[in-house]
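Here's the letter readout for the chains.
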Amino acid sequence: NAGVTQTPKFRILKIGQSMTLQCTQDMNHNYMYWYRQDPGMGLKLIYYSVGAGITDKGEVPNGYNVSRSTTEDFPLRLELAAPSQTSVYFCASRDPGAGTEAFFGQGTRLTVV
Amino acid sequence: DQQVKQNSPSLSVQEGRISILNCDYTNSMFDYFLWYKKYPAEGPTFLISISSIKDKNEDGRFTVFLNKSAKHLSLHIVPSQPGDSAVYFCAASEKTGANNLFFGTGTRLTVIP
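The model shown is predicted, which means the values in this text are computed figures rather than measured ones. (Residues numbered from 1 in each chain as written. Chains lettered and ligands numbered in written order. Predicted model: local features only at pLDDT ≥ 70, side-chain atom pairs only at ≥ 80, totals over all residues. Heavy atoms only, no water.)

(A) Structural view of the environment of Val111(B). Residues and elements named next belong to chain B. Among the structural elements, Val 111 can be located in strand β11 (residues 107-112). Here the alpha-carbon distance between Val 111 and Ser 12, two residues 99 residues apart in the chain, equals 5.9 Å. Those residues in contact with Val 111, other than ones at most four positions away along the chain, are Val 13, Gln 14, Glu 15, Ser 80, Gln 81, Pro 82, Asp 84 and Ser 85. (Helix = DSSP H or I, 4+ residues; strand = E, 2+ residues; numbered from the N terminus. Contact = heavy atoms within 4.5 Å.)

Okay, structure coming up:
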């Protein structure tokens, strides 16, 4: 059982480049999330989705875009990368409703130079 | 505005003793609380949770206590083991909406053999 899989694990981008962080889950969870974690900080919610075709902004959405064409996949797009987007990115999925935990991927460490 | 706060960035405990990690929150709409454990270069993994209708939940060596009037929860680990050394995140969610998780900044626990 793979759970939540993120690719790539590491990436270095130059300022102004763009990339897509991939996330896929095999637990048939409707809810999916993208978080970023900066050094010494907690996880901040970037975007979330409650099902295929439905996405919404979290706390820190600027500079990012998402799509959710299938239940399994929730890619995060960075357009015009900036040094402020240097962070570790985590994708997570969860069953709907209260009282359930979120399952996280291993993370993508992104450096923008 | 940090809705979930962990005011101790680090904690060191001798093996076999009790570890107590604290968490405070400001949003009275939170009704489900979770603790996650995170090792370096890995995603957070779920440890234990508690619903707002309870004041205590126990799972083996791990117990979470919730004091709703004080908006405070704590995680007790007894006895502490070297393998417990990790960063512990407190998280909270509301009953409504997409049950987004709001995270604290984490406490790095070191268990000294």
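(B) Structural detail: the nonpolar core. All names here are of chain B. If you look at the biggest cluster of nonpolar residues, it comprises 24 residues, and the most contacted ones within it are Phe 33, Trp 35, Leu 73, Leu 75 and Tyr 88. Of all the secondary structure elements, the ones that give two or more residues to this core are β3 (19-25), β4 (30-38), β5 (45-51), β7 (62-67), β8 (72-77), β9 (86-94) and β11. If you tally residues by element for this core, the top one is β9, at 4 residues. Setting aside chain neighbours within four positions, we find Phe 33 in contact with Tyr 25, Ile 48, Ser 49, Ile 50, Ser 52, Leu 66, Leu 73, Ala 91 and Ala 92. (Core = buried A, V, L, I, M, F, W, Y, C linked by side-chain atoms within 4.5 Å. Buried < 20%, exposed > 50% of the residue type's maximum accessible area, 1.4 Å probe, protein only.)

(C) Summary view of the state of the cysteines. Overall, the coordinates contain 2 disulfides over all chains when judged by the stated rule. Cys23(A) shares a disulfide with Cys91(A); S-S distance 1.8 Å. Here Cys23(A) and Cys91(A) share a disulfide; its torsion about the S-S bond, -70°, makes the bridge left-handed. Of this pair, Cys23(A) sits in strand β3 (residues 19-25) while Cys91(A) is found in strand β9 (residues 87-94), placing the two residues 68 residues apart along the sequence. Residue Cys23(B) pairs covalently with Cys90(B) via a disulfide, S to S 2.1 Å. With the S-S dihedral at roughly -75°, the linkage between Cys23(B) and Cys90(B) falls on the left-handed side. Linking Cys23(B) in strand β3 with Cys90(B) in strand β9, this pair joins segments that are 67 residues apart in sequence. Across this residue pair, the class does not change: Cys23(B) and Cys90(B) are buried. (Disulfide = S-S within 2.5 Å.)

(D) How the structure looks around the pattern of salt bridges. One pass over the full model with this rule turns up 3 salt bridges over all chains. Arg77(A) is paired through a salt bridge with Glu79(A); the nearest N and O atoms lie 3.1 Å apart. Judged by relative accessible area, Arg77(A) falls into the partly exposed class, the value being 30%. Its salt-bridge partner being Asp84(B), residue Arg61(B) comes within 2.8 Å of it at the nearest N-O pair. Of this pair, Arg61(B) sits in the loop between β6 (56-59) and β7 while Asp84(B) sits in the loop between β8 and β9, and the two are 23 residues apart along the sequence. We classify Asp84(B) as buried; its relative accessible area is 2%. (Salt bridge = Lys/Arg side-chain N within 4 Å of Asp/Glu carboxyl O.)

These figures capture arrangement, not role.
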